[in-house]
Amino acid sequence: MMTAAPELIGLASDRDGLTVADHEQLEAHGIGVEEARRQLAFLRDPPPKTRLVRPAVVGDGILPLPRGADALRLADQGRSAARAGRLIRFVPASGAASRLFAELRRAQAGGFAATDPVLARFEKARRHLPFDCGPSELLDRYGDAPKALIPFHRYADGEQRTALDEHLVEAAALLCGGGSVAVHFSVAVHHRPAFEALLANRLPVLERRLACRFDVSLSHQSPATDSVAVDADGGPFRVADVPEAPLLLRPGGHGALLGNLQSLADRGFELIAVKNIDNVQPEPSQGAAVRAMRILAGMARALARRSDRPARVCGVVPAVGTAGGGPFWVQEAGCEVRLQIVETSQIDIEDGEQAAILARSTHFNPVFLVCAARGAAGEAYRLEDYVDHDASFVVRKSHGGRELTALERPGLWNGSMAGWDTQFVELPVEVYTPVKTVFDLAGTEHQC
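Conventions used here
- Residues numbered from 1 in each chain as written.
- Predicted model: local features only at pLDDT ≥ 70, side-chain atom pairs only at ≥ 80, totals over all residues.
- Heavy atoms only, no water.
- Salt bridge = Lys/Arg side-chain N within 4 Å of Asp/Glu carboxyl O.
- Helix = DSSP H or I, 4+ residues; strand = E, 2+ residues; numbered from the N terminus.
- Buried < 20%, exposed > 50% of the residue type's maximum accessible area, 1.4 Å probe, protein only.
- 1 Å grid on protein atoms, 1.4 Å probe; cavity = no way out; pocket = protein on both sides within 12 Å on 5 of 7 lines; lining within 4 Å.
- Points joined across faces, edges and corners; volume = space filled by probe spheres on them.
- Axes fitted to C-alpha atoms, helices over the stretch in contact; angles between N-to-C directions.
- Parallel < 35°, antiparallel > 145°, perpendicular 65-115°, else oblique.
- Left-handed = near helix turned anticlockwise from the far one by under 90°.
- Contact = heavy atoms within 4.5 Å.
- Pairing = 2+ DSSP bridges.
- Right-handed = clockwise from strand over helix to strand, strands pointing away.

1. Digging into the pattern of salt bridges
At step 1: Within the structure shown, the criterion is met by 35 salt bridges.
At step 2: Of the charged contacts, one joins Glu270 and Arg86 as a salt bridge, the two residues approaching to 3.0 Å between their closest N and O atoms. Remark: Arg86 occurs in the loop between helix H3 (68–83) and strand S4 (87–92) and Glu270 occurs in the loop between helix H9 (258–266) and strand S10 (271–275); sequence separation between them is 184 residues.
At step 3: Taking the relative accessible area as the measure of exposure, Glu270 reaches 17% and is therefore buried.
At step 4: Asp132 is the salt-bridge partner of Arg141, the closest N and O atoms lying 2.9 Å from each other.
At step 5: Several salt bridges converge on common partners, so that one network encompasses Glu159, Arg161, Asp165, Glu166, Arg202, Arg209 and Glu283.

2. Description of unusual backbone geometry
At step 1: Backbone geometry places Phe112, a non-glycine residue, at a positive phi of 50°.
At step 2: Within the element layout of this structure, Phe112 appears in the loop between helix H4 (102–109) and helix H5 (117–125).
At step 3: The backbone of Ala211 sits at a positive phi, close to 55°, despite the residue not being glycine.
At step 4: Structurally, Ala211 can be placed in the loop between helix H8 (192–210) and strand S8 (213–219).
At step 5: Residue classification places Ala211 among the exposed residues on the basis of a relative accessible area of 53%.

3. A word on empty space enclosed by the protein
Taking a probe equal in size to a water molecule and rolling it over the atoms shows the remaining empty space.
At step 1: All told, the structure shown has one cavity of 30 Å³ or more when counted by the stated rule.
At step 2: When its volume is computed, the largest cavity comes out at roughly 70 Å³.
At step 3: What lines the largest cavity is Ala82, Leu87, Ile88, Arg89, Ala171, Leu174, Leu175, Ser180, Val181 and Ala182.
At step 4: Of all elements in the fold, only S4, helix H7 (163–175) and strand S7 (180–186) reach the threshold of two or more residues within the lining of the largest cavity.

4. Points about the environment of Arg105
At step 1: Within the fold, Arg105 resides in helix H4.
At step 2: Considering only alpha carbons, one finds Arg105 and Gly334, 229 residues apart in sequence, at a separation of 50 Å.

5. Details of the packing of H4 against helix H6 (residues 135–142)
At step 1: For the pair H4 and H6, the least separation of the axes is 10 Å and the interaxial angle reads 120°. Of the possible angle classes, the one that applies to H4 and H6 is oblique. Remark: the crossing between H4 and H6 carries left-handed chirality. The residues of H6 that touch H4, namely those facing Leu104, Arg105 and Gln108, are Pro135, Leu138 and Leu139.

6. So, the sheet that holds strand S17 (residues 402–408)
At step 1: One open sheet accounts for three strands, arranged S9-S17-S16; its pairing is antiparallel. Both edges of this open sheet fall to strand S9 (229–230) and strand S16 (393–399), since each of them pairs with a single strand only.
At step 2: Against the sheet, helix H2 (residues 33–44) engages S9, S16 and S17, with an angle of about 115° to S17.

7. What to know about the pairing of S8
At step 1: In this structure, S7 lies alongside S8, joined through seven bridges in parallel fashion. The partner of Ala182 across the bridge, within S8, is Asp215.
At step 2: For the handedness criterion, the β-α-β arrangement of S7, H8 and S8 is classed as right-handed.

8. A few points about the sheet that holds strand S13 (residues 337–342)
At step 1: Strand order across the open sheet formed by three strands is S1-S12-S13, with antiparallel pairing between neighbours. The open sheet has two edge strands, strand S1 (51–55) and S13, and neither has a second partner. Strand-to-strand, the axes of this sheet are offset by a mean angle of 45°, without reference to chain direction.
At step 2: Pairing analysis gives four bridges linking S1 to strand S12 (residues 326–331), with the strands arranged antiparallel. Bridge pairing in S12 places Arg51 opposite Gln331.
At step 3: Of the strands in this sheet, S1 and S12 are in contact with helix H11 (residues 352–359), which crosses S1 at around 35°.

This is the structure in C-alpha cells:
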C-alpha cells in the first residue's frame, strides 16, 4: 500500500498543489512525482529562450553534400552498414491526418456547397490525386487514419501505394539489393492493428519484388513521457474544475520518442536513419534521397568514431518560405557556441537582434538525419544524459473551455539531441516533398 509523502499527511495537497491521489495517479502512469514537480516549476518559471549567435550557412556550419570520390566512399560505408544489419530506418508515424484533410472537413461541415472554393479545388486536382473516390467517401475512408496508411501515389498500372509502402521501398533501396531491411515505425496504440494488417498484406509482395527480407518493428510513445499542465493560477491543471478531479496528463510531443531511439541503440543498431512519414517520393524519384541518406550514414559513422558522445549528421534544405526549425549557432552555458536545430518557438522574436538573426537564416530542417547512438567500443549511449531540458516547449492550449499552459519535452532533433556532436549538410531540394495537405499529393513531385 502506498504511503503518503510527509508533507501530505493531514493536508489536502503538498507545496506544489499535488494530492495523495495525484501521487498515485502519477506513479501509475509511470511519471515520478519529482519529475512532475520539475515540470510544474518549469511551467511556473520558464528559463530564458534560446540565444542565437548567428545562422548556420554553407561554409559556416553547413557542409555541402560530398561529391565525386568522397561521395562514393561515404555512400559505400553507409550501404555497408545497412547490409551488415547495423543501420535501421526510423519513421515517426504516430500522427493522425487531421491537418491533411482540414480544408475538406470544413467544406464537409458546410455541406459541400457547390460554390465552396475548396470543393472546386478538389475537383480540379482530382485526376492528379491517388484516390479513386470523391471528397465525402475520402473522408469516410481515411479521415481518421494516420498518414502512414493513406495512399500517397498511384502508378500507371493503377497500383496505389501508401506512405508506409513507399518508405519500405526506399529503405530497401539503401541496401542496393538483397539482405535484410530493418525499418521501425512509431505508431499510436489504437492504430497498431491497422498497421499490422497492412504490413501482413504488403510485406510478402514487396519482399518478392525487391528480393529482400523486411525486419519491421513497431513501438509506441510511452505514457511515462506524458506531462502535466498548469491552470491560470499556476496550480496543477485537472480534467475538471474541481479539486478532487484527476490531473490532466498530455502527450509530451515528439521529444518523447527519445526512448524509442534508445531502444534501437540498445538492440545494437550502429546507425539510425530518421525521416518523417510525410516526406517520401514515388519510387522512380527516390534516387536522390537514397544517395543522400547513404552519404549521411557514412558521414555519421565517421563522426561517431571521433566523438565521445552521440553524433548526428542532419540534412538541411534551402528555406523557401518554410516555417519550422533551422540550423543555428547558439550560445550555451559556459559561453560555448554550438550548432543546434532551433524551432521558432524557442526564439525571443520580441528581441530585435534575435529576430534579425532568424530573418537571415537560409536553411530549414526537413527531418532527414542519421544518428550514431553507440560509442566506438560498441556500447549504447544513455541518450537522456545529452538532453537540454531547458529547451522544453511551453504551449498555450485549452481543455473543456479552460485555458492551460502545457509542457512538451525538448524536440527529438532539438533539445533532446542538444548534447550530441552535430554536422549539418546541404541536401538537394528534391529530397524534400512533404505532404501537409491532401492537395500536396496533386503536385508534380508526387506524380508517377
